[in-house]
Amino acid sequence: MGLNKVVTLQLLKSRISRVQNVLMERNYSSALFSSAVSIRYLTGFVGLSPEEREVLLVVLPSRIVLCVPMMYEELTQDLALVKNGVVEVEVDTKRQGLLKCTVGFLKPTTTTKIGIEEENLRVFEIKKLQSLVQSEFVNISGAVEGMRAVKDSEELKLLAKAQELTIKTFERFESEVLATNYTKLTELDCAENIRHIALELGADGLAFESIVASGASASQPHYQSTRKHIEDNTVLLIDMGLKIDGYNGDFTRTILLGNVDEELRRIHNAVTETNQQCRKACIAGVTGEKLYELQRSIYTTHHLNPTMPHSLGHGLGLEVHEQPLLRPNPQQILEKNMVVTIEPGYYVPGKFGVRVEDVVVISL
């Protein structure tokens, strides 16, 4: 819990201004932001439990109000935007609930449209809002997500740091595993070793629980590690990421342990080649459709089924999975300074899975 001190005041003011411009363009009287990630991105506020409804942010064309419970009054006073008079803080001293706290600011003036993050608010919260404010609530989900898709200079630095530390942690983990009798280790042992190394090297924590999948378990893309012992002469798939100042790394490698058969080695080479070629193709202006065509072409050349059970990649930032999601969409155009993963995979149920993932900053 705390403040996002890395992002400068100038950047935060710019983000707020862009949201206010969206309100005016769409003729909204105000907008209510409920997503903890949106609020962090716009104000720098970081709560203890982002899964809970800790604060709400009201944005008006000429006013910004952060509605908070009493336990966050002191913390919010240290926000740069609050100290500089850009954001007001409304404390729920009557403990009436944050939604009621927003009512006086949300009531429409020149227009009856109020933006809300429909994809984040719960059904009962929307119904309560409708009972408290007589207005037309319209979905503003995607407005902040679209801004977040293109990273600014500070975000790029943090993401580079998170990814660098993620790779360094993996490399140390791999060297330690290969230097021991790994068949005595379980998948959960390996996951705990990754956590220990990450914290020792300076990570704030894990971006997500590491996926450690041995042998046939690796054929499940989102496998949950167990007490299963690491097998020899097969794959050990590691999907991991570390967190630095709220920004995430994401990295996957499939280690070939012992003596593996030619089929597995051939597939591993094909997936690695796909990862490399798709990363090279990630330049501003390329579409998700073009990247998929490339992936399918390489798989077909290697006599592999070109269909994958997951997307080719995804945006990376304050969330591990964010915009843009790489899908075969001709309208999905990558822009300069988007940060995406490229993670082709190939899975043979009951036998093994191979996935290779790296992070790419889109350039011109």
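The model shown is predicted, which means the values in this text are computed figures rather than measured ones.

### Here's the deal with helix H10 (residues 262-280)
Step number 1: Spanning 19 residues, H10 covers 27 Å between terminal C-alpha atoms, matching the ideal 27 Å at 1.5 Å per step.
Step number 2: All of the buried residues in H10 are Leu264, Ile267, His268, Ala270, Val271, Thr274, Asn275 and Cys278. With its buried residues spanning 165 degrees around the axis, H10 presents them on a single face. Those residues of H10 that are exposed and angled more than 90 degrees off the buried face are Glu262 and Lys280.
Step number 3: Its side-chain oxygen at 3.3 Å from the backbone nitrogen of Glu263, Asp261 defines the N-terminal cap of H10.

### A short note on the sheet that holds strand S11 (residues 235-240)
Step number 1: With antiparallel pairing, 3 strands are arranged side by side in an open sheet as S10-S11-S14. A single partner strand is all that each edge strand has here, and the edge strands are strand S10 (211-214) and strand S14 (251-256). Averaged over all neighbouring strand pairs, the angle between strand axes comes to 10 degrees, with direction disregarded.
Step number 2: Pairing geometry for S10 and S11, over 4 bridges, is antiparallel. Within S11, the residue paired with Ser214 across the bridge is Leu236.
Step number 3: Across the face of the sheet, helix H8 (residues 153-178) comes into contact with S11 and S14 while running at roughly 20 degrees to S14.
Step number 4: Here helix H9 (residues 187-201) sits on the sheet and contacts S10 and S11; the angle it forms with S10, its principal contact strand, is near 145 degrees.

### Points about the pairing of strand S4 (residues 56-60)
Step number 1: The element S4 is extensively covered by neighbouring structure, given that 5 of its 5 residues are classed as buried.
Step number 2: Of the two faces of S4, both are covered, the one formed by Leu56, Val58 and Leu60 as well as the one formed by Leu57 and Val59.
Step number 3: Here strand S2 (residues 30-33) runs beside S4; their pairing, made up of 3 bridges, is antiparallel. The residue bridging Ala31 from the neighbouring strand is Val59, located in S4.
Step number 4: Pairing geometry for S4 and strand S5 (residues 63-68), over 5 bridges, is antiparallel. Considered in S5, the bridge of Leu57 is made with Leu66.
Step number 5: Between S4 and S5, which follow one another and run antiparallel, lie 2 residues.

Thresholds applied
Residues numbered from 1 in each chain as written. Predicted model: local features only at pLDDT ≥ 70, side-chain atom pairs only at ≥ 80, totals over all residues. Heavy atoms only, no water. Helix = DSSP H or I, 4+ residues; strand = E, 2+ residues; numbered from the N terminus. Expected span 1.5 Å × (residues − 1). Buried < 20%, exposed > 50% of the residue type's maximum accessible area, 1.4 Å probe, protein only. Arc of directions from axis to C-beta. Polar contact = N/O pair within 3.5 Å; in protein donor to acceptor, adjacent residues only side chain to side chain. Pairing = 2+ DSSP bridges. Axes fitted to C-alpha atoms, helices over the stretch in contact; angles between N-to-C directions. Contact = heavy atoms within 4.5 Å.

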